[in-house]
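Here are the chains, one letter per residue:
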Amino acid sequence: MQEILFLVEQAEDGSFRASAAAATIHTEADTLEDLHREIRDAVVCPSIRARRRTHV
């Protein structure tokens, strides 16, 4: 498994933003809990994401 490090910052409006240190992955959310979900979703392989949709 490859490790991806994210820089998380709180915006002026109170939301949170995350950017991967060595990859082109950026996401944002209103809460840290939501941001964690957004990050996990952003790094999941597209083929796995497609399989999840068909099994839901």
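Model, not experiment: these values are computed from the prediction.

A.B. asks: Is there a simple way to think about the sheet that holds strand S2 (residues 16-20) in this case?
C.D. replies: Strand pairs in the sheet, formed through backbone hydrogen bonds, run parallel or antiparallel to each other. The three strands lie next to each other as S1-S2-S3, forming an open sheet whose pairing is antiparallel. Two strands bound the open sheet, and with one partner strand each, they are strand S1 (6-10) and strand S3 (26-29). Averaged over all adjacent pairs, the angle separating strand axes in this sheet is 20°, with direction ignored. Two strands pair when backbone bridges link them, and S1 and S2 are joined in this way by five bridges, in the antiparallel orientation. Paired with Glu-9 across the two strands is Arg-17, which belongs to S2. Along the sheet face, helix H1 (residues 32-43) touches S1, S2 and S3 and points at about 150° away from the line of S3.

A.B. asks: Is there a simple way to think about the nonpolar core in this case?
C.D. replies: Most often, soluble globular proteins keep nonpolar side chains buried together rather than apart. Among the nonpolar cores identified, the biggest contains five residues, and these are Phe-16, Ala-18, Ala-29, Leu-35 and Ile-39. Every element with two or more residues in this core is listed here: S2 and H1. Ignoring anything within four residues of it in the chain, the contact list for Leu-35 reads Val-8, Phe-16, Arg-17, Ala-18, Thr-27, Glu-28 and Ala-29.

Calculation criteria
- Residues numbered from 1 in each chain as written.
- Predicted model: local features only at pLDDT ≥ 70, side-chain atom pairs only at ≥ 80, totals over all residues.
- Heavy atoms only, no water.
- Pairing = 2+ DSSP bridges.
- Helix = DSSP H or I, 4+ residues; strand = E, 2+ residues; numbered from the N terminus.
- Axes fitted to C-alpha atoms, helices over the stretch in contact; angles between N-to-C directions.
- Contact = heavy atoms within 4.5 Å.
- Core = buried A, V, L, I, M, F, W, Y, C linked by side-chain atoms within 4.5 Å.
- Buried < 20%, exposed > 50% of the residue type's maximum accessible area, 1.4 Å probe, protein only.

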